[in-house]
Amino acid sequence: TFQIPNANAFADPAFPYGSVLTLKKDGTPWFIGTVSQEQASATSRREQHGYIVSGPWWQLGRLVFQQLRCVKSEDFATTDSEYSTRVVLGQSDVGLRLTTTEQISAVLTYALTKGVSLAAGMIIDGFAFPYQEARDITCAEAIIRMARRTPDAVSWFDYSSGAAVLNFARRDSLTAASQDLTAGVAAESV
């Protein structure tokens with residue numbers, strides 16, 4: 001979230017809705033997001049444009065997950081495939097059992113076909129689980145339901161390659177890190 005002072009609040013915004021912005025730290029991409037809200041405002045002392053830039057999780061939270069389903073024609077002579085918002089988590093489009101890893105990958109693959117700008121990175125080792133039928137859930141909700149199956153998993157986005165890469169790992173497989181809270185800028189909260 002940020003604001004840019006402007007001499008005229010009615011002027012065109014510097015970053016229109018839908019613009020993609022990259023925030024860099026020491027020249028390396030640190031965050032990539034889409035302008036999800038832009039609003040002009042003015043008071044007697046100041047005019048400005050305010051912006052909210054949302055990352056790929058925002059996109060996943062707005063996209064309803066769909067799976068291909070086999071359906072019979074009206075005369076029951078042939079079958080065809082069509083997308084449906086009624087999904088069975090843990091089951092592939094052709095009825096095969098999926099692990100949590102495979103289901104997360106399937107959700108991300110679907111999201112990519114719908115224009116969500118992210119890539120799948122490291123994903124936790126998956127395991128089979130009972131099928132879970134759902135209707136009208138977002139891609140984010142489908143991923144959350146799979147991640148709940150591994151409660152010691154953590155996730156993060158890595159933007160250093162210039163693209164948003166979603167990663168999942170178990171805590172015990174990650175390298176421990178220490179942060180000195182008294183060095184440099186004092187921490188306001190932890």
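Structure: see above.
Note that the coordinates shown come from a computational prediction; the quantities given were computed from them, not determined experimentally. (Residues numbered from 1 in each chain as written. Predicted model: local features only at pLDDT ≥ 70, side-chain atom pairs only at ≥ 80, totals over all residues. Heavy atoms only, no water.)

Q: Teacher, can you tell me more about the packing of aromatic side chains here?
A: Inspection of the entire model under this criterion finds seven aromatic pairs. Plain terms: the ring middles of F2 and Y51 are 5.0 Å apart, the flat faces sit at 25° to each other, and that makes the pair stacked. Of this pair, F2 sits in strand β1 (residues 2-5) while Y51 is found in strand β4 (residues 47-54), placing the two residues 49 residues apart along the sequence. With relative accessibility at 27%, the residue F2 sits in the partly exposed group. A centroid spacing of 6.1 Å and a plane angle of 25° characterise the contact between F157 and Y159, whose relative ring orientation is stacked. (Phe/Tyr/Trp six-rings, centres within 6.5 Å; stacked < 30°, edge-to-face > 60°. Helix = DSSP H or I, 4+ residues; strand = E, 2+ residues; numbered from the N terminus. Buried < 20%, exposed > 50% of the residue type's maximum accessible area, 1.4 Å probe, protein only.)

Q: Which parts of the structure should I look at to understand the sheet that holds strand β3 (residues 28-42)?
A: Sheet strands pair by backbone hydrogen bonding; their relative direction is either parallel or antiparallel. Taken in spatial order, the four strands of this open sheet run β1-β4-β3-β2, and their pairing is antiparallel. Whereas interior strands pair on both sides, the edge strands pair on one side only; in this sheet they are β1 and β2 (20-25). Pairs of neighbouring strands in the sheet enclose a mean axial angle of 40°, with direction left out of account. With eight bridges connecting them, β3 and β4 associate as antiparallel partners. Considered in β4, the bridge of Q39 is made with G50. (Pairing = 2+ DSSP bridges. Axes fitted to C-alpha atoms, helices over the stretch in contact; angles between N-to-C directions.)

Q: What am I meant to see in helix α3 (residues 139-147) here?
A: The α-helix advances 3.6 residues per turn, and as a result positions three or four apart in sequence lie on the same side. Those residues of α3 not exposed but buried are C139, A140, A142, I143 and M146. All buried residues of α3 fall inside an arc of 160° around its axis, so they share one side. The elements touched by buried residues of α3 are α1 (56-62), β7 (86-89), α2 (100-113) and β11 (165-170). (Arc of directions from axis to C-beta. Contact = heavy atoms within 4.5 Å.)

Q: Where do I start with α2 in this structure?
A: Under the 1.5 Å per step criterion, the end-to-end length of α2 is 20 Å for 14 residues, consistent within 8% with the ideal 20 Å. Three or more residues of α2 are buried, namely T100, T101, Q103, I104, V107, L108, Y110 and A111. After α2 finishes, the residue G115 shows a positive phi value of roughly 95°. (Expected span 1.5 Å × (residues − 1).)

Q: Even after reading the chapter, I still don't get a nonpolar patch on the surface, so can you show me in this structure?
A: A contiguous nonpolar surface patch, about 250 Å² in accessible area, is contributed by M122, W156 and L174. By secondary structure assignment, the location of M122 is in the loop between β8 (119-120) and β9 (132-135). (Patch = residues over 30% accessible without salt bridge, like charges linked within 9 Å, V, L, I, M, F, W, Y side chains within 5 Å. Areas by Shrake-Rupley, 256 points an atom, 1.4 Å probe, with all protein chains shown as cover. Salt bridge = Lys/Arg side-chain N within 4 Å of Asp/Glu carboxyl O.)

Q: What is the right way to look at unusual backbone geometry in this model?
A: Negative phi characterises most residues that are not glycine, and trans characterises most peptide bonds. In this structure, D26 takes a positive phi of about 55° despite not being glycine. A positive phi angle, near 55°, is found at D136, a position not held by glycine. Relative to the elements of secondary structure, D136 occurs in the loop between β9 and α3. Using a relative accessible area of 49% as the deciding quantity, one classes D136 as partly exposed.

Q: Explain the pairing of β11 here, please?
A: Most of β11 sits out of view: five of its six residues are buried. Examined bridge by bridge, strand β10 (residues 153-158) and β11 share six bridges and lie antiparallel to one another. The residue of β11 that forms the bridge with A153 is R170. Two successive antiparallel strands, β10 and β11, enclose a turn made up of six residues, where G162 displays a positive phi of approximately 95°.

Q: Sorry if this is basic, but what is going on with the sheet that holds β8 here?
A: If you trace the three strands from one edge of the open sheet to the other, you get β8-β11-β10, paired in mixed fashion. In this open sheet, the two strands that pair with only one neighbour each are β8 and β10. Summarising the sheet, β8 and β11 pair through two bridges and their orientation is parallel. Residue A119 lies in a different strand from β11, and its bridge partner there is V165.

Q: Teacher, can you tell me more about the environment of V107 here?
A: Tracing the backbone through its elements, the reader meets V107 in helix α2. When its relative accessible area of 0% is taken as the criterion, V107 is described as buried. Considering only alpha carbons, one finds V107 and C139, 32 residues apart in sequence, at a separation of 6.1 Å. Not counting residues up to four positions away in its chain, the partners in contact with V107 are F65, C139, A142 and I143.

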